[in-house]
Amino acid sequence: MLKIKETTIEDIKSVQQLWADGDVMKFVGFPDGLHETDEEMKDWLHWIESNRPGLNHYSIFADGKYCGESFYKIDAEHKSAALDIKLFGFARGRGIARAGLSYAIEEAFRNGAETVWVDPNPENSKAIALYKRLGFQQKDFPEYLVSGGETPDSIYMELGRD
């Protein structure tokens, strides 16, 4: 049975372990994992809790076992929400990412987003395939997301509320 819930203090050790996994984090620039201290994790959770519902983080469980996370952050000015999903290797290929990301999408729309977007690494073909199955379309990065004329090294994919 799949359970998706707002992340709480009881979940942050699991999130910390997820982020420390190089296989999970390789496509976001941390091939050796991201190693946060307990204090940094508590500060991060406080940031999440203080900014709900403009952003939120969800812990995903299958049969009671922590599998990963989904996240959204709404840019109120542009009514657009950035999304993220990360799963441990054992949880991939089981429909969990689709369910976890769909949940975050629904919550972002419910809380004011008109569009949601992802920016996968071009080498992350499984994530790109998932996003396409969910209806995301590849587009050019909006100017407000590109700083100083830089060319992003990721792909921009967007899904509208309708």
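Above: the structure in question.
Residues numbered from 1 in each chain as written. Predicted model: local features only at pLDDT ≥ 70, side-chain atom pairs only at ≥ 80, totals over all residues. Heavy atoms only, no water.

Caption draft 1: Layout of the nonpolar core. In this structure, Leu83, Leu101, Ile105, Val116, Tyr131 and Phe136 are the most contacted members of the largest nonpolar core, which totals 30 residues. Secondary-structure elements contributing two or more residues to this core are strand S2 (55-62), strand S3 (65-75), strand S4 (80-87), helix H4 (96-110), strand S5 (115-118), helix H5 (125-133) and strand S7 (156-160). Element by element, the count of residues in this core is highest for H4, at six residues. When near neighbours in sequence (up to four residues on either side) are disregarded, Ile105 contacts Leu83, Val116, Leu134, Phe136 and Leu159. Core analysis: the second largest hydrophobic core is formed by 15 residues, Met41, Leu45, Leu55 and Phe71 among them. (Core = buried A, V, L, I, M, F, W, Y, C linked by side-chain atoms within 4.5 Å. Buried < 20%, exposed > 50% of the residue type's maximum accessible area, 1.4 Å probe, protein only. Helix = DSSP H or I, 4+ residues; strand = E, 2+ residues; numbered from the N terminus. Contact = heavy atoms within 4.5 Å.)

Caption draft 2: Quick look at helix H1 (residues 12-20). All of the buried residues in H1 are Ile12, Val15, Gln16, Leu18 and Trp19. One side of H1 holds all its buried residues, which, seen down the axis, span an arc of 160°. At its buried positions, H1 is contacted by helix H2 (22-25), helix H3 (38-51), S2, S3 and S4. (Arc of directions from axis to C-beta.)

Caption draft 3: The arrangement of the environment of Ile9 in detail. You can see Ile9 is positioned in the loop between strand S1 (2-6) and H1. The exposure class of Ile9 is partly exposed, given its relative accessible area of 46%. Through-space distance from the C-alpha of Ile9 to that of Ile74 is 23 Å; in sequence the pair is 65 residues apart. Beyond its immediate stretch of four places on either side in the chain, Ile9 contacts Lys42 and Leu45.

Caption draft 4: Structural detail: the packing of aromatic side chains. Tallied over the entire structure, the rule returns ten aromatic pairs. Between Tyr66 and Phe88, the ring centres sit 6.2 Å apart and the planes meet at 75°, which makes this aromatic pair edge-to-face. Note that Tyr66 is positioned in strand S3 and Phe88 in the loop between S4 and H4, a separation of 22 residues in sequence. An aromatic cluster is built from Phe61, Tyr66, Phe88 and Phe90, whose rings are joined through pairwise contacts. The positively charged end of Lys65 is found above the aromatic ring belonging to Phe90, 4.3 Å away from the centroid. (Phe/Tyr/Trp six-rings, centres within 6.5 Å; stacked < 30°, edge-to-face > 60°. Lys NZ or Arg CZ within 6 Å of the ring centre and 35° of its normal.)

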